[in-house]
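Structure at a glance
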Amino acid sequence: MGSSSPSPSPAHLTARLRSLILASPGSTALFYARLLHALLPTHESTHLLALAFLGARQAYAALHLARDAAEPGAVEPAGCYGCALIVARACDALGRFTEGHEVLGRASERARRFGGTGALPVLSTVETPATASLLLATLAHKSKAPGSSAPELYLAALADDPYLWEAFTGLCDTGHAAQPDVLFADPPRARSRHATLSPSLAPARPAPDTALFARRQLSPLAAPSSGLFTPDAATSGAVGMLGNPGAWDTSSVMGDTTFPSIEPVAASRRPLPNLIASLLPSSTHAALRASSNSTTSAQAAMPVMKRPRAAARRPEPAAAADAPGGAGMPLARDTRTNGSRAGSDLRDLRERESNGDKDVRRSTRLSAAPVPKIASRIQAKDKRTTRSRSTTSSASGATETTTSPASLDAAAQAAADDYLRDIVRRCARAYAALAAYRCKDALAELDGLPAEVQAAPWALGMAARSFYEMANYVFARRAFQALLEAEPYHFDGLELYSTTLWHLGDAVALSHLAQLLLGISRELPQAWVAAGNLLSLARAHDDATRCLRRAAQLDPGAPYAATLAGHEAVELEEYERAAQCFRTALRNDARHYNAWYGLGLVYLRTGKARHAEHHFRRAAEINPANAVLWCCIGDVLEQEEDYTGALDVYERAVACAPDGVMAKFKRARALVALGDIERAIAALGPLSREAPDEAQVFFLLGKCLLRAGRNTEAAVALTTARELQPKLERAIRAVMVSGGADEDEDAGM
């Protein structure tokens, strides 16, 4: 059994994240604000999240989040002037001038009545070398100018500021193999950040930091359905892919539980069960733990994770203390298995004292405000001290030990910084894996995050996209629904949600999504993509193309709408226009593999097999985990009668999608073409049980059995194929006459 390490102090964690939020540009501030709100959903974290939404030009989300606290009520008894200011700015951005004027006017009147001024937090607008390098890298990435080196510029920005999240995501989007453990080597305390404060008129009564924003309404975009990872109502009693649904309320025991979860002060939503373990052979079935409701002064303890047996054992550390004035939380114990250093200062100091080592760590010399009351409480609880200082008594000569409050505060801040560094590292590893289309690796990293972060919108969006890229559309839909429940005005990625519904053939849900998005704003490109997918599902390809062109006009730099327009042109057999759409998408994003696939499809339909193979292989280089792309390459090789090469490609497709029926069927077809009948029969037998409704599987199995002389079994297989697809009767008769030899009738199989 390993020892445990103390959990981070909520006050110190809030202070560090607050400094990161206020000193970072838009998208980076939003990432850290979402992280703070997930870990500690207080009024302060919600206010900072709304401010970050406003800085990221997401006015709908900012208005939705800050509206309730701007007025006196259950959320904020006296009304928050800062939230009223956010509401006014959001209304100004959305053209709701009357509402913004009324809200800010009432807040200003209350401020004048109560008197007093205060300082409201604002996002920093100061340019630094890191932000300048980030801007230069972004321009180089978008311009695709010859000789531009966007990855090197992103790396330069990260060298100046390792916690500039936008620079890291941009580096991953270029296709560069980022190394989060190297880029985020130091905790955030290694970088000094100075928040910019703007003095403004505010109510004299400070807003309580424990009041939570109540949701003004349930998400209008989230269709009512079963939970994200729960079976549908029709099958709720059955044991699904995750085992017994009744066990989903138990604590998660899968993955790397490096991070202890910080229970929120008051849970605003119940985290949904986790499906990531179902995709990993080595994981056990598990679920997210539901957040427990607590009072405004509640203190949550962190869960403990076992250290590997091979890890060195350390003495039990002393508890750390919160910062002065912060809402206290008892520091529960936690052990890291991935080499993280949260709470390492306290552990090392205790170990040094027990070993007689007088060397002092640098972090213990950091100065902070003294906390005598906290220090005395810790001394009364545990006589052992974290750091000892020997003083000789003049009367008796005895040596007594005292605890420095400054060292305790510094150690608590160091523990919070290390804890935050580990969370950011894991988020970075998940993003890098998804950018490289290693979706299972991304889901595994998300599974190792604290439960509160797993249930946060950022993690849900990552999981939804991972499921989408894996063609697991059922789980992707549930993840998108949970995302919209957690963040009702989250528009980023909803074009993938509409395409997910298109793949599922859910016209009702797709129509609902399209109408609601258009009702919110007709300037949202995601709304027109949803409308285009709905019309495409109804076979109205011309109207779908017009909607997708409108989406491309609203967001000219996005490749997705142009790619979908190209696929609609392929359905209309307008191959020149389709190729033009796909090339437009590639000009916007050269790593958009769907556009490379679309161009390959155009060349395949027009009889240019060599060109088709080149574009399919280019798409597979970008997304090597996509089985459909490898199957397309195999189709081209079969047309060129390169059956050996096709078999190798189909083997890779089966490795990418072990449960994919199409890849297994095409592999068996290549075996038949090579004359390896016994291996083909061995592959088609289990496949016929996995896909009992696929007539082509039984037809090919019957042919192989005839050629092997197993006529009785062949008759059964061919009869099943005819029952499933009556139009195969003529081809079946020809095969039976020829004894299983290849015929022209099955060329279109």
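Residues numbered from 1 in each chain as written. Predicted model: local features only at pLDDT ≥ 70, side-chain atom pairs only at ≥ 80, totals over all residues. Heavy atoms only, no water.

Some thoughts on the overall build of the chain
Scanning the chain from N- to C-terminus turns up 32 helices and six strands. A burial count over the chain gives 54% of its 749 residues as buried. (Helix = DSSP H or I, 4+ residues; strand = E, 2+ residues; numbered from the N terminus. Buried < 20%, exposed > 50% of the residue type's maximum accessible area, 1.4 Å probe, protein only.)

Let's talk about the environment of leucine 517
Structurally, the position occupied by leucine 517 is in helix 19 (residues 507-520). When the C-alpha positions of leucine 517 and tyrosine 489 are compared, they lie 9.6 Å apart, and in sequence the two are 28 residues distant.

Remarks on the packing of aromatic side chains
Tallying each qualifying case throughout the model produces 16 aromatic pairs. Between tryptophan 165 and phenylalanine 168, the ring centres sit 5.5 Å apart and the planes meet at 35 degrees, which makes this aromatic pair tilted. On the criterion of helical spacing, the pair formed by tryptophan 165 and phenylalanine 168 is a turn pair, its members being three residues apart in helix 9 (residues 165-173). With a relative accessible area of 0%, phenylalanine 168 lands in the buried category. Between tyrosine 489 and phenylalanine 491 the ring centres are 6.2 Å apart and the planes differ by 85 degrees, which places this aromatic pair in the edge-to-face class. Put simply, the rings of Phe31, Tyr32, Tyr163, Trp165, Phe168, Phe184, Tyr431 and Trp458 pair up and form one aromatic cluster. Between the NZ or CZ atom of arginine 618 and the centre of the ring of tryptophan 596, over which it lies, the distance is 5.2 Å. (Phe/Tyr/Trp six-rings, centres within 6.5 Å; stacked < 30°, edge-to-face > 60°. Lys NZ or Arg CZ within 6 Å of the ring centre and 35° of its normal.)

Some thoughts on the environment of arginine 89
Along the chain, the position of arginine 89 falls in helix 5 (residues 81-94). Residue arginine 89 is classed as partly exposed on the basis of its relative accessible area of 41%.

A few points about the pattern of salt bridges
Following the criterion strictly, the structure yields 29 salt bridges and no others. As a salt-bridge pair, arginine 610 and glutamate 640 come within 3.7 Å of each other at their nearest N and O atoms. Residue arginine 610 is located in helix 25 (residues 609-622), and its partner glutamate 640 is located in the loop between helix 26 (627-639) and helix 27 (643-656); the two are separated by 30 residues in the primary sequence. Looking at arginine 610, the relative accessible area reads 62%, which means it is exposed. Across the salt bridge formed by glutamate 690 and lysine 664, the nearest N and O atoms sit 3.2 Å from each other. Here glutamate 690 is found in helix 29 (residues 677-690), whereas its partner lysine 664 is found in helix 28 (residues 661-673), with 26 residues between them in sequence. Judged by its relative accessible area of 44%, glutamate 690 falls in the partly exposed class. (Salt bridge = Lys/Arg side-chain N within 4 Å of Asp/Glu carboxyl O.)

A few points about the nonpolar core
In this structure, Trp165, Phe168, Leu446 and Trp458 are the most contacted members of the largest nonpolar core, which totals 123 residues. Top element by residues in this core is helix 13 (residues 405-435). It accounts for 13 residues. If near-sequence neighbours (up to four positions away) are discounted, tryptophan 165 is found in contact with Thr28, Phe31, Phe184, Val424, Cys427, Ala428, Tyr431 and Trp458. In terms of nonpolar packing, the next biggest core, distinct from the first, is built from 66 residues, Ala569, Ala646, Ala653 and Ala714 among them. (Core = buried A, V, L, I, M, F, W, Y, C linked by side-chain atoms within 4.5 Å. Contact = heavy atoms within 4.5 Å.)

Some words on helix 3 (residues 43-55)
In this model, helix 3 (13 residues) spans 18 Å end to end at C-alpha, consistent with the 18 Å of a helix rising 1.5 Å per residue. Counting buried residues in helix 3 gives eleven out of 13 residues, a clear majority hidden from the surface. In the stretch just after helix 3, arginine 57 is the one whose phi turns positive, near 60 degrees. (Expected span 1.5 Å × (residues − 1).)

Focus: the confidence of the model for the chain
Confidence along the chain averages 74 in pLDDT terms, with 67% of residues attaining 70 or more. Looking at the elements of the chain, mean pLDDT is at its lowest for strand 4 (residues 333-334), recorded as 34, and at its highest for helix 20 (residues 525-537), recorded as 95. Contacts of residues 190-401 to residues separated by more than four positions or lying in other chains number 459 contacts, the stretch itself having pLDDT below 50. (pLDDT = per-residue confidence, 0-100.)

Concerning the packing of helix 1 (residues 10-22) against helix 2 (residues 26-39)
Orientation of helix 1 relative to helix 2, taken along the N-to-C sense of each, is 160 degrees, at an axis distance of 8 Å. Taken together, the axes of helix 1 and helix 2 lie roughly antiparallel to each other. The element helix 1 and its partner helix 2 pack so that their crossing is left-handed. Contacts from Leu13, Thr14, Leu17, Leu20 and Ile21 of helix 1 reach helix 2 at Ala29, Tyr32, Ala33, Leu35, Leu36 and Leu39. Looking at the contact of helix 1 with helix 2 residue by residue, the classes come out as ten nonpolar, one polar and no charged. (Axes fitted to C-alpha atoms, helices over the stretch in contact; angles between N-to-C directions. Parallel < 35°, antiparallel > 145°, perpendicular 65-115°, else oblique. Left-handed = near helix turned anticlockwise from the far one by under 90°. Nonpolar A, V, L, I, M, F, W, Y, C, P; charged D, E, K, R; others polar.)

Here we look at unusual backbone geometry
Positive phi values are uncommon outside glycine, yet tyrosine 437 reaches one of about 60 degrees. Since its relative accessible area comes to 8%, tyrosine 437 is described here as buried. Positive phi outside glycine occurs at arginine 539, with the angle close to 65 degrees. Tracing the chain through its elements places arginine 539 in the loop between helix 20 and helix 21 (541-554).

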